[in-house]
Amino acid sequence: MGTRPVVIGLAGGIGSGKSLVASMFAEAGCIVSDSDAEARAALERPEVRERLREWWGEGVLGEGGRADRARVATVVFRDPGERRRLEGLIHPVVREARRGVV
């Protein structure tokens, strides 16, 4: 039986130093999984973009059919139900990406 890796979650507000601490962990040889980056990448997946278009219309897509994060934010920050729906779409993608790291 192998040992499970220690998992440390970094949380904090904007500008609180999460990225700096993550880079320090990486420099020390730790595996770093950036959930924010994975969530941004998930928005670029064709099936996710299509679902966003189905839910909220063409207006949430920008140049080249890419998800316009500012427009998506407008939708989800004005309606908690829509935020939960987006999280239900994105979080499983992020979890799967995280599983592939370790």
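Throughout what follows, the structure given in this document is the object of discussion. Values in this document were obtained by computation on a predicted structure and should not be read as measured data.

Now for the overall build of the chain. Of the regular secondary structure elements, the chain holds five helices and zero strands. Overall, the chain shows an N-to-C arrangement of helices and strands of α-α-α-α-α. Relative to the 2.2 N^0.38 estimate, which gives 13 Å for 102 residues, the radius of gyration of the chain is 16 Å and therefore markedly larger than a compact globule would have. By principal-axis analysis of the C-alpha atoms, the chain measures approximately 45 × 35 × 25 Å. Looking at the chain as a whole, 18% of its 102 residues qualify as buried. A separation of at least 24 residues holds for 40% of the contacts in the chain among residues at least 6 apart in sequence.

Right, let's get into the pattern of salt bridges. Tallied over the entire structure, the rule returns nine salt bridges. Between Arg-45 and Glu-47 there is a salt bridge, with the nearest N and O atoms lying 2.7 Å from each other. Across the pair Asp-68 and Arg-71 runs a salt bridge whose closest N-O atoms are separated by 3.3 Å. Residue Arg-71 is classed as partly exposed on the basis of its relative accessible area of 38%. Linked through salt bridges whose partners overlap, the residues forming this network are Glu-50, Arg-53 and Glu-58.

Now for the nonpolar core. Core analysis: the largest hydrophobic core is formed by 16 residues, its most contacted members being Leu-52, Trp-56, Val-60, Val-72, Leu-86 and Ile-90. Counting residues per element, the ones that place at least two in this core are α3 (46-56), α4 (69-78) and α5 (80-99). Ignoring any residue separated from it by four or fewer positions in sequence, one finds Leu-86 in contact with Leu-52, Trp-55, Trp-56, Val-72 and Val-76.

Attention now moves to a nonpolar patch on the surface. On the surface, Val-6, Ile-8, Leu-10, Leu-20, Val-21 and Met-24 cluster together to form a nonpolar patch covering roughly 590 Å² of accessible area. Inspection of the secondary structure assignment puts Val-6 in the segment before α1 (18-27).

Basis of the calculations
- Residues numbered from 1 in each chain as written.
- Predicted model: local features only at pLDDT ≥ 70, side-chain atom pairs only at ≥ 80, totals over all residues.
- Heavy atoms only, no water.
- Helix = DSSP H or I, 4+ residues; strand = E, 2+ residues; numbered from the N terminus.
- Rg over C-alpha atoms; globule rule 2.2 N^0.38 Å.
- Buried < 20%, exposed > 50% of the residue type's maximum accessible area, 1.4 Å probe, protein only.
- Contact = heavy atoms within 4.5 Å.
- Salt bridge = Lys/Arg side-chain N within 4 Å of Asp/Glu carboxyl O.
- Core = buried A, V, L, I, M, F, W, Y, C linked by side-chain atoms within 4.5 Å.
- Patch = residues over 30% accessible without salt bridge, like charges linked within 9 Å, V, L, I, M, F, W, Y side chains within 5 Å.
- Areas by Shrake-Rupley, 256 points an atom, 1.4 Å probe, with all protein chains shown as cover.

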